[in-house]
Amino acid sequence: MRPTSPQQYKAAGHELEIDPAVLNNATATMQRIVSLNPLLFPLLTLKHLSVASDVSYGFLRKTVAREAGRYRHIYLRKNVPGRKNVRMISIPEGRLLRCQRWISENILRFCAPHHASYAYHPGSNPVFAARMHTEAKWLIKVDIQDFFHAISEHQVYKVFRSLGYSRLVSFEMARLCTMPCERRELDMADEKYLGATIEQYYSPYVGILPQGAPTSPMLSNLVMKQLDAKLTKLADDNAMSFTRYADDIVFSCKDARSRRSVNRVKRLILKTLNDEGFKPNLRKTKVRGPGKRKVVLGILVDGKQPRLPREYKDKIRQHLHYLTHPGFGPASHASARKTSVSRVYHHVFGLICWAKAVEPSFGEEALRVFNSVNWPPISKPKFYS
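Residues numbered from 1 in each chain as written. Predicted model: local features only at pLDDT ≥ 70, side-chain atom pairs only at ≥ 80, totals over all residues. Heavy atoms only, no water.

Participant: I'd love a proper account of the overall build of the chain, names of residues and values included.
Facilitator: Within the chain, the secondary structure is distributed over 15 helices and 10 strands. Sorting the 385 residues of the chain into buried and exposed places 48% on the buried side. For the chain, the share of sequence-separated contacts (at least 6 apart) that also reach a separation of at least 24 residues comes to 69%. If you sum the accessible surface of the chain, you get close to 20,500 Å²; carbon and sulfur atoms cover 51% of it. (Helix = DSSP H or I, 4+ residues; strand = E, 2+ residues; numbered from the N terminus. Buried < 20%, exposed > 50% of the residue type's maximum accessible area, 1.4 Å probe, protein only. Contact = heavy atoms within 4.5 Å. Areas by Shrake-Rupley, 256 points an atom, 1.4 Å probe, with all protein chains shown as cover.)

Rendered as structure tokens:
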């Protein structure tokens with residue numbers, strides 16, 4: 001559905017003999033949204049969202065009331081040596097997924113994150129983030145604990161309000177983009193929040209961003225805009241570079257300075273995160289000084305250009321050795337790894353694609369060797385030169 005302009009909406013309303021007061025209120029809301037961002041869909045009500053997204057109104061209303069809109073959870077083991085830990089991926093049911101995709105495609109994709117954010121938006125690239133820290137003498141790395149689940153429906157509500165949507169529609173979209181968390185109870189003292197005041201929508205638990213919903217990545221960026229601005233100022237005040245890639249926060253400087261001054265900046269970063277309601281993962285908080293290996297998002301940044309770590313290149317070389325060796329080949333290599341040829345193909349191809357993004361010359365040579373392998377008939381992606 002294409003968005004209707006305030007003028008078109010008002011003209012159609014007059015033809016249908018809609019109460020002028022209702023029309024004026026609706027067009028004022030539409031004009032407010034369009035004035036803030038003319039690309040946003042000027043959504044007026046939950047019924048409007050139902051028609052636009054082709055998802056039944058009854059289902060949307062029950063989802064907002066936390067009576068429908070279930071998620072299927074899968075658990076992926078995190079690659080953390082010596083620790084038993086998993087990441088929960090929450091997949092929304094079909095109708096809710098369709099609604100969330102509509103919100104993402106018609107609202108969120110037109111909202112710009114802070115310039116220090118390098119993830120979850122068109123044109124973003126981890127290599128660009130790493131490039132901001134090349135030739136670093138000092139590197140501070142901070143990780144936000146349980147990133148998506150640390151963002152509440154209250155914060156999502158504020159995002160939609162900042163885009164010009166009404167209190168009720170902002171609340172309803174916040175509920176549609178979050179899932180209830182029994183560990184976080186609703187603060188009844190917050191009477192301005194509609195979840196505490198609308199009887200039909202009352203829930204004792206606050207919603208959190210589900211990792212796995214199409215709306216969550218961009219919403220996390222928009223929620224973080226204020227924090228990104230504060231961290232940017234902190235970096236500028238201390239002559240440092242700052243980037244954020246999802247939950248990975250990195251500060252760096254190219255000049256020589258004392259560890260004491262760098263640790264002072266680290267403490268200010270942690271304080272800023274805590275003040276904004278985010279819990280730093282102290283186990284992953286690291287400071288790397290002169291002479292130490294410096295890696296940002298899996299990319300070495302201690303030289304003039306971003307580089308692949310040696311072990312990453314060695315992994316690709318090892319795969320290519322076995323794949324091209326006359327005594328092995330794809331079938332034997334897959335058998336040794338206890339997997340299928342197709343999985344080996346796509347796994348190695350993915351490694352090479354990342355290598356091309358970071359070090360094009362190495363990646364292109366690896367791709368040339370990869371293409372020379374005598375692969376059996378399997379489904380292959382398109383290659384780009």
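Participant: Break down helix α11 (residues 259-275) for me, citing the residues and quoting the values.
Facilitator: In a regular helix each residue adds 1.5 Å, so 17 residues correspond to 24 Å; α11 covers 24 Å between its end C-alpha atoms and thus fits that length. Buried-residue contacts for α11 involve β3 (138-143), α10 (225-237), β7 (248-253) and β8 (286-288). Remark: G277 follows α11 within two positions and exhibits a positive phi of approximately 90 degrees. (Expected span 1.5 Å × (residues − 1).)

Participant: Can you tell me about the environment of A213, naming the residues and giving the values?
Facilitator: Considering the arrangement of structural elements, one finds A213 in the loop between β5 (205-208) and α9 (216-223). Along the backbone, A213 and Y71 are 142 residues apart, and their C-alpha atoms lie at a distance of 9.3 Å. Excluding residues within four positions of it along the chain, A213 makes contact with S90, P92 and Q100.

Participant: Requested: an account of the pairing of strand β6 (residues 241-245), with residues and values cited.
Facilitator: In the case of a regular strand, side chains alternate between the two sheet surfaces. Where β6 meets β7, 5 bridges bridge the pair, whose relative direction is antiparallel. In the sheet register, F242 faces β7, and the bridge partner there is F251. (Pairing = 2+ DSSP bridges.)

Participant: Please give an account of unusual backbone geometry that cites residues and values.
Facilitator: With phi around 50 degrees, D146 is a residue other than glycine that occupies positive phi space. In this structure, D146 sits in the loop between β3 and α7 (153-162). Unlike most non-glycine residues, L297 shows phi in positive territory, near 55 degrees. Tracing the sequence through the fold places L297 in the loop between β9 (295-296) and β10 (299-300). What makes L297 partly exposed here is its relative accessible area of 25%.

Participant: Describe in detail the packing of aromatic side chains, supporting the description with residues and values.
Facilitator: Applying the stated criterion across every chain, the model contains 11 aromatic pairs. Between the aromatic rings of F242 and F251, the centroid separation amounts to 5.2 Å while the plane-to-plane angle is 40 degrees, which identifies the pairing as tilted. For F251, a relative accessible area of 0% corresponds to the buried category. Through a chain of ring-to-ring contacts, three or more aromatic side chains come together here, namely Y345, F349, F370 and W375. Positioned above the aromatic ring of F362 is the side chain of K313, whose terminal nitrogen or guanidinium carbon lies 5.2 Å from the ring centre. (Phe/Tyr/Trp six-rings, centres within 6.5 Å; stacked < 30°, edge-to-face > 60°. Lys NZ or Arg CZ within 6 Å of the ring centre and 35° of its normal.)

Participant: How would you sum up the sheet that holds β3? Please name residues and give values.
Facilitator: The strand order across the open sheet formed by 4 strands is β6-β7-β3-β8, and the pairing between neighbours is antiparallel. Whereas interior strands pair on both sides, the edge strands pair on one side only; in this sheet they are β6 and β8. In this sheet, neighbouring strand axes are inclined to one another by 15 degrees on average, regardless of whether the strands run parallel or antiparallel. Contacting β6 and β7, α10 crosses the sheet at an angle of about 155 degrees to β6. (Axes fitted to C-alpha atoms, helices over the stretch in contact; angles between N-to-C directions.)

Participant: Residue-level account of helix α8 (residues 167-176), with values.
Facilitator: Counting buried positions over the 10 residues of α8 gives 8, a clear majority of the element. Among all positions in α8, only V169, S170, F171, E172, M173, A174, R175 and L176 are buried. Against α3 (46-53), α4 (57-64), β1 (71-77), α5 (94-106) and α7 lie the buried residues of α8.

Participant: Lay out the pattern of salt bridges in plain terms, naming residues and giving numbers.
Facilitator: Under the definition given, this model contains 13 salt bridges. The closest approach of N and O atoms between K313 and E359, which form a salt bridge, is 3.0 Å. Here E359 lies in the loop between α14 (341-358) and α15 (360-371) and K313 lies in helix α12 (residues 310-324), a separation of 46 residues in the sequence. Residue E365 pairs with R368 through a salt bridge whose shortest N-O separation is 2.7 Å. Of this pair, E365 and R368 both sit in helix α15, 3 residues apart, roughly one helical turn. Overlapping salt bridges, with partners in common, bring together R66, E153 and R175 in one network. (Salt bridge = Lys/Arg side-chain N within 4 Å of Asp/Glu carboxyl O.)

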